[in-house]
Amino acid sequence: MKRVAILISGGGSNMVRLVEDMIGDHPARPVLVLANNPSAGGLAKAAAMGIATAVVDHRDFKGDREGFEKALISAIDPFEPDILALAGFMRILTPVFVGHYAERMINIHPSLLPKYRGLHTHARALEAGDDEAGCTVHEVTAELDDGPILGQARVPVKAGDTPDTLSARVLVQEHKLYPMALRRFASGDKSPILLG
Ligand code: GAR
């Protein structure tokens, strides 16, 4: 059975979906939910589901990214994770951290990568006049929002969409795609999933 640590920064709706899926014949189990923000709403949800939680507040490491990442590693490694799943974890990670968890770390990003790495993905898709948007699950490499794609889900952009309405439509697909992709990754299968 693979052991999964999930890293969050906010409400953790993707984290909840991953945890809900990790039962029965699933090849993995959640062992830790860690946030970089003590007020992340997902922490209470994880605790309510009986999962160990931890906080490493990046604001305690002003300008010291290496110190922050060392503290993250110290908080995570006692749980001996086989897989790290980033689920709305909004900190940029250096090659040191990424290298420590090489080939064990996956992420969900709210765009059809390689389009729109970084922030404000839905606003950028709307500004560009795109007729579709979506989300991507990928392996994490040292490059931001890069790495082999494990799955993508597409949604239509509709007339009158705002970043909020588009984000809500994409999030519904995130909640389907990420559990499927984690399940497949944990079973050693890296073939990409395409939805929509
Ligand atoms: C999700 O939409 C996720 O794709 C995005 O943050 C949101 C977290 O929501 N991640 C990124 O933008 C990463 N760069 P959640 O906390 O409800 O899962």
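Residues numbered from 1 in each chain as written. Predicted model: local features only at pLDDT ≥ 70, side-chain atom pairs only at ≥ 80, totals over all residues. Heavy atoms only, no water.

Peer 1: Before we go on, may I ask you to explain the site of the ligand in this structure?
Peer 2: Around the ligand, the surrounding shell consists of G11, G12, S13, N14, G88, M90, I108, H109, P110, L171 and E174. For the ligand, an oxygen atom lies 2.9 Å from a polar atom in the backbone of N14. In this structure, E174 approaches the ligand through a side-chain N or O atom, which is 2.7 Å from an oxygen atom. Expressed as a share of its isolated accessible area of 450 Å², the protein-covered part of the ligand is 80%. Going through the elements one at a time, α1 (13-21), β5 (105-109) and α6 (163-186) are the ones with two or more residues in the shell around the ligand. A class-by-class count of the residues in the shell around the ligand yields four nonpolar, six polar and one charged. (Near = heavy atom within 4 Å. Polar contact = N/O pair within 3.5 Å; in protein donor to acceptor, adjacent residues only side chain to side chain. Areas by Shrake-Rupley, 256 points an atom, 1.4 Å probe, with all protein chains shown as cover. Helix = DSSP H or I, 4+ residues; strand = E, 2+ residues; numbered from the N terminus. Nonpolar A, V, L, I, M, F, W, Y, C, P; charged D, E, K, R; others polar.)

Peer 1: Help me out: how do you make sense of the pattern of salt bridges in this one?
Peer 2: Oppositely charged side chains are able to pair whenever their charged atoms sit close together. Counting across every chain of the model gives ten salt bridges. We note a salt bridge from K190 to E139, for which the minimum N-O separation is 3.4 Å. Of this pair, K190 sits in the loop between α6 and β8 (193-195) while E139 is found in strand β6 (residues 132-139), placing the two residues 51 residues apart along the sequence. Residue K190 is classed as partly exposed on the basis of its relative accessible area, which comes to 39%. E139 gets classed as buried once you look at its relative accessible area, which sits at 8%. Overlapping salt bridges bring together D21, D25 and R183 as one network. (Salt bridge = Lys/Arg side-chain N within 4 Å of Asp/Glu carboxyl O. Buried < 20%, exposed > 50% of the residue type's maximum accessible area, 1.4 Å probe, protein only.)

Peer 1: Sorry, what's going on with the pairing of strand β2 (residues 28-35) here?
Peer 2: Consecutive side chains of a regular strand alternate in pointing toward one face of the sheet and then the other. Burial analysis of β2 places six of its eight residues in the buried class, which makes it a mostly covered element. Bridge count for strand β1 (residues 2-8) against β2 is seven bridges, and the pairing is parallel. Paired with I8 across the two strands is A35, which belongs to β2. Handedness of the crossover is the feature at issue here: the chain leaves β1, passes through α1, returns alongside β2, and the resulting connection is right-handed. Across three bridges, the pairing between β2 and strand β3 (residues 53-55) is parallel. Each residue of the ladder has a partner; that of V33, found in β3, is T53. At this point the chain moves from β2, through helix α2 (residues 42-48), to the parallel β3, and the crossover so formed is right-handed. (Pairing = 2+ DSSP bridges. Right-handed = clockwise from strand over helix to strand, strands pointing away.)

Peer 1: Quick question: what am I supposed to make of the nonpolar core here?
Peer 2: For soluble globular proteins, the rule of thumb is that nonpolar side chains tend to be buried together. With 37 residues, the main nonpolar core has V4, I6, I8, M15 and Y178 as its most contacted residues. Considering each element in turn, this core owes the most residues, eight residues, to α6. The residues contacting V4, other than those within four sequence positions of it, are M22, A28, R29, P30, V31, L32, I83, A85 and L182. Counting 21 residues, the second-largest nonpolar core is a separate cluster that includes L32, V56, F68 and L84. (Core = buried A, V, L, I, M, F, W, Y, C linked by side-chain atoms within 4.5 Å. Contact = heavy atoms within 4.5 Å.)

Peer 1: Is there a simple way to explain the sheet that holds β8 in this structure?
Peer 2: The pairing of strands in a sheet happens through backbone hydrogen bonds and is either parallel or antiparallel. Sheet architecture is open: eight strands sit in the order β3-β2-β1-β4-β5-β6-β7-β8, paired in mixed fashion. Whereas interior strands pair on both sides, the edge strands pair on one side only; in this sheet they are β3 and β8. Ignoring strand direction, the axes of neighbouring strands in this sheet form an average angle of 15°. Along the sheet face, α1 touches β1, β2, β4 (83-86) and β5 and points at about 165° away from the line of β1. Running at roughly 145° to β2, helix α3 (residues 65-76) makes contact with β1, β2 and β4 of the sheet. (Axes fitted to C-alpha atoms, helices over the stretch in contact; angles between N-to-C directions.)

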